Every structure is written in structure tokens, then in C-alpha cells.
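Coordinates in review
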Protein chains: 2
Amino acid sequence: MASSAVTPADYHKIMRVAYDQAIKSLSEGGIPIGAALVHLPTGKIMAKGHNNRVQMSSNIRHGEMDCLENLGRVSEGVLRECAMFTTLSPCIMCSATCTLYKIPLVVLAENRNFLGGEDFLKGKGVQVVNLDDEEITKMMGDWIKSEAGQKVWNEDIGEVSIPTQ
Amino acid sequence: MASSAVTPADYHKIMRVAYDQAIKSLSEGGIPIGAALVHLPTGKIMAKGHNNRVQMSSNIRHGEMDCLENLGRVSEGVLRECAMFTTLSPCIMCSATCTLYKIPLVVLAENRNFLGGEDFLKGKGVQVVNLDDEEITKMMGDWIKSEAGQKVWNEDIGEVSIPTQ
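An unreviewed UniProt entry lists chain A under the name Cytosine deaminase, with Naematelia encephala as the source organism. UniProt, in its Function (unreviewed entry) section for chain A, records the words "Catalyzes the hydrolytic deamination of cytosine to uracil or 5-methylcytosine to thymine. Is involved in the pyrimidine salvage pathway, which allows the cell to utilize cytosine for pyrimidine nucleotide synthesis." In its Catalytic activity (unreviewed entry) section, the UniProt entry covering chain A states "cytosine + H2O + H(+) = uracil + NH4(+)".

Structure representation (C-alpha cells):
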């Protein structure tokens, strides 16, 4: 991994940027998952994003993907020096995208509400750090159980809803 | 897999829809990779797309992802009945996205110019068919060797270019 101005002591602060994106999405009626991309050698926040399934009628704009799209096209070396921060364990689409661009570090706020492609990432040599953040876990868990969450969450993770009686 | 109105005899015809998208992208100065999504029970072309890295300054709009984005948001069961046709072996991002949505069949025109996540797809139970199409292989190979291809191809697949002498 490139030499880093970002240390584990900074992870919670950077995660707040991703969390703010999640709350922004929630306020828009969207799925509350946010992401931030940070340039490790400088600590600069390169891009932010949030799930846009509802807002943009999108199948691919998960938080991490939205963040990469907001970044705009970059040359092939840039993402090798960046870490992806995300409020939820990244699904297999987002995990694989991180490996395509050889992002070396993925920091997630929690995986209690959804366990994504963490083993896949580790198998590809990506460092994965779980902050196990209580506040973000509660926010996401409450949303999944809410009326809005019941309508859209399974769709977002590719699962078929089982109607409750 | 769902019962299908689409048989292997139809694959080359459907691939022309994806190829036309590749040629459209080429005519726009973009990367010539195209995709089409077909609904297996009815044979309906649900969406088309092409690589938009250059045109949209995008890191995530590979042909298959662009196709899924052009489809617009769909409920979680729809993609389980669709096949993804793509002019080139799908990279790990696009392959993983197909598995997220449990797309049961991926048909590719060729993998001589790039070998993507075919083993990953097969490991997840996705049927993978390679048409080994000579015309599309030549088109893509010629483009990779072209001046435009030398500038952007490695960026698209996450590889660092090695400057030629």
C-alpha cells in the first residue's frame, strides 16, 4: 500500500463523511448508505456518494458506486492510492469494483445489517477494517425495519422479498 | 433458470444488438464494448448499453453496467429472468453485478482480447457461453492496438500502462 497520511485514528472522522451522505440519502427518501473515497498519501477526500436507487431509479448506484461515479474518470493509478469508506459492508458488486481498480483498503462502519463481499476482498489482498459503529448500525437497522426499508431493501441487495402475513 | 423463449440459435442475432452498441460507442470516440439484456421468457430486449468511460467521464459505466442503468430500477425478481449479452468477457465488476442480481446466463462474443470474471460467474452457478465471434474479436483487437485504444484501454480494466519506447 502507498505511504499514508491517514492512520486508523482518522477512520472514525472520515466515516462521518460517509455517514453524512447516508443521512442525506435518507432525507431524500432514499436508502441510507453513504461512502467516501480518501486519497491515502494526502488524506484528501476525493469524492463522496450515497445510494441512489430510489432517487435516480438506478440498479447500479450503490453508495460506493455513486462515490466512484461522482469522482469522475481518473487514470488507472489513482484509485490504487485511495481507500473506500462505506457505512455498510459492501455488496459483491461494490467489492468487485474495488478490486477492479485495486483499491487497497476498504473501511466499513458495520456488517451486522448486511454481510457483503468482505471475504472476496480479503482474498484479493484488500485490507478490510470494520469499525463496528453502534450509531450507524442502529440507523441502518431501524431503516431496514421501517416501512420504506421493507419496500426497497431486498431489491437493493438482489433478494426476493417474502411477503409477511 | 426460467423457461426460455430464447435458444442458442438466437444468440448470434441478439449479440448483434450488443455489437451495434459497441460500434455506436466507437463512433462517439468511446470504448467499443456493447451489451444487451434480454428477457428469457419472452425474448424481449429489455435494455441496451455501451461503455461510457470516455463519453460520460465514468469509472463504472462499462457496457454491462450502462445497460443495467439504462434499464432503470427494477424489482428484485426481474433480472433473475434475464440474460446479459456482452461483446467482451465481462470484467470482475460487471461479473459480480450479474451475480448480485442473480442473472442466470451471460453470453459473450469473445474473450481473446480480455479474460474477465468467467470463472467467478461459473463458480456462482451462472451459465457462461462464449460465441468466439471472429468479427467482434477483430474489431476489439484492432481498437486496442489503435492510438485511442493505447490511451484508454488499460485505464478501463484497472491496469497501469507501461509506456512503450
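**A word on the interface of chain B and chain A**
The interface of chain B with chain A comprises 37 residues on the first partner and 37 residues on the second. Carbon and sulfur atoms supply 55% of the area buried between chain B and chain A, which totals about 3300 Å² over both sides. It is Asn 59, Arg 73 and Glu 76 of chain B in chain B that bury the most area against chain A; as a group they hold 23% of the surface buried on that side. The tally of links between chain B and chain A comes to 4 salt bridges. We note a salt bridge from Glu 155 of chain A to Arg 73 of chain B, for which the minimum N-O separation is 2.5 Å. If you look at where chain B meets chain A, you find 22 residue pairs in polar contact (both at pLDDT 80 or more). Considering every element that reaches the side of chain B that touches chain A, the biggest residue donor is helix α4 (residues 92-100) of chain B, with 6 residues.

**Here's the deal with the relation of the copies chain B and chain A**
One copy of the chain maps onto the second through a rotation around an axis plus a translation along that axis. Screw-axis analysis of chain B against chain A gives a translation of 0.0 Å along the axis, an RMSD of 0.0 Å, and a rotation angle of 180°. These values place the two chain copies in the arrangement generated by a two-fold rotation axis. When you check the interface residues of chain B against chain A, 100% turn up at the interface there too, and the contact is symmetric in its surfaces.

**Concerning helix α3 (residues 63-71) of chain B**
Most of α3 of chain B is tucked away, with 8 of its 9 residues classed as buried. The complete set of buried residues in α3 of chain B reads Gly 63, Glu 64, Met 65, Asp 66, Cys 67, Leu 68, Glu 69 and Leu 71 of chain B. On the buried face of α3 of chain B, the contacting elements are α3 (63-71) and α4 (92-100) of chain A together with β1 (34-39), β2 (45-50), β3 (82-86) and α4 of chain B. Of the residues trailing α3 of chain B, Gly 72 of chain B is marked for its positive phi of about 80°.

**Remarks on the packing of aromatic side chains**
All names here are of chain A. Taken as a whole and judged by the stated rule, the model has 7 aromatic pairs over all chains. For the pair Trp 143 and Trp 153, a centre-to-centre distance of 6.1 Å together with 85° between the ring planes defines the contact as edge-to-face. Placement of Trp 143 in helix α6 (residues 134-145) and of Trp 153 in helix α7 (residues 147-156) is noted, with a sequence separation of 10 residues between them. For the pair Trp 143 and Trp 153, a shared accessibility class is recorded, and that class is buried. Through successive ring pairs, a cluster of aromatic residues spans Phe 114, Trp 143 and Trp 153.

**Topic: the sheet that holds strand β2 (residues 45-50) of chain A**
All names here are of chain A. The strand order β2-β1-β3-β4-β5 describes an open sheet built from 5 strands, whose pairing is mixed. Across the chains shown, the open sheet's two edge strands, defined by having one partner strand only, are β2 and β5 (127-130). Across the sheet, the mean angle separating the axes of adjacent strands is 15° when strand polarity is ignored. Two strands pair when backbone bridges link them, and strand β1 (residues 34-39) and strand β3 (residues 82-86) are joined in this way by 5 bridges, in the antiparallel orientation.

**Examining unusual backbone geometry**
Positive phi, normally seen in glycine, also occurs at Asp 132 of chain A, with a value near 45°. Examined against the element boundaries, Asp 132 of chain A turns out to sit in the loop between β5 and α6. If you check the backbone angles, Lys 102 of chain B has positive phi at about 55° while not being a glycine. Along the chain, Lys 102 of chain B falls in the loop between α4 and β4 (105-108).

Reading guide: rules and limits
Residues numbered from 1 in each chain as written. Chains lettered and ligands numbered in written order. Predicted model: local features only at pLDDT ≥ 70, side-chain atom pairs only at ≥ 80, totals over all residues. Heavy atoms only, no water. UniProt positions renumbered as here; feature names shortened; annotations may be inferred. Contact = heavy atoms within 4.5 Å. Buried area = accessible area lost by both parts, 1.4 Å probe. Salt bridge = Lys/Arg side-chain N within 4 Å of Asp/Glu carboxyl O. Polar contact = N/O pair within 3.5 Å; in protein donor to acceptor, adjacent residues only side chain to side chain. Helix = DSSP H or I, 4+ residues; strand = E, 2+ residues; numbered from the N terminus. Least-squares fit on C-alpha atoms with pLDDT ≥ 70 in both. Buried < 20%, exposed > 50% of the residue type's maximum accessible area, 1.4 Å probe, protein only. Phe/Tyr/Trp six-rings, centres within 6.5 Å; stacked < 30°, edge-to-face > 60°. Pairing = 2+ DSSP bridges. Axes fitted to C-alpha atoms, helices over the stretch in contact; angles between N-to-C directions.

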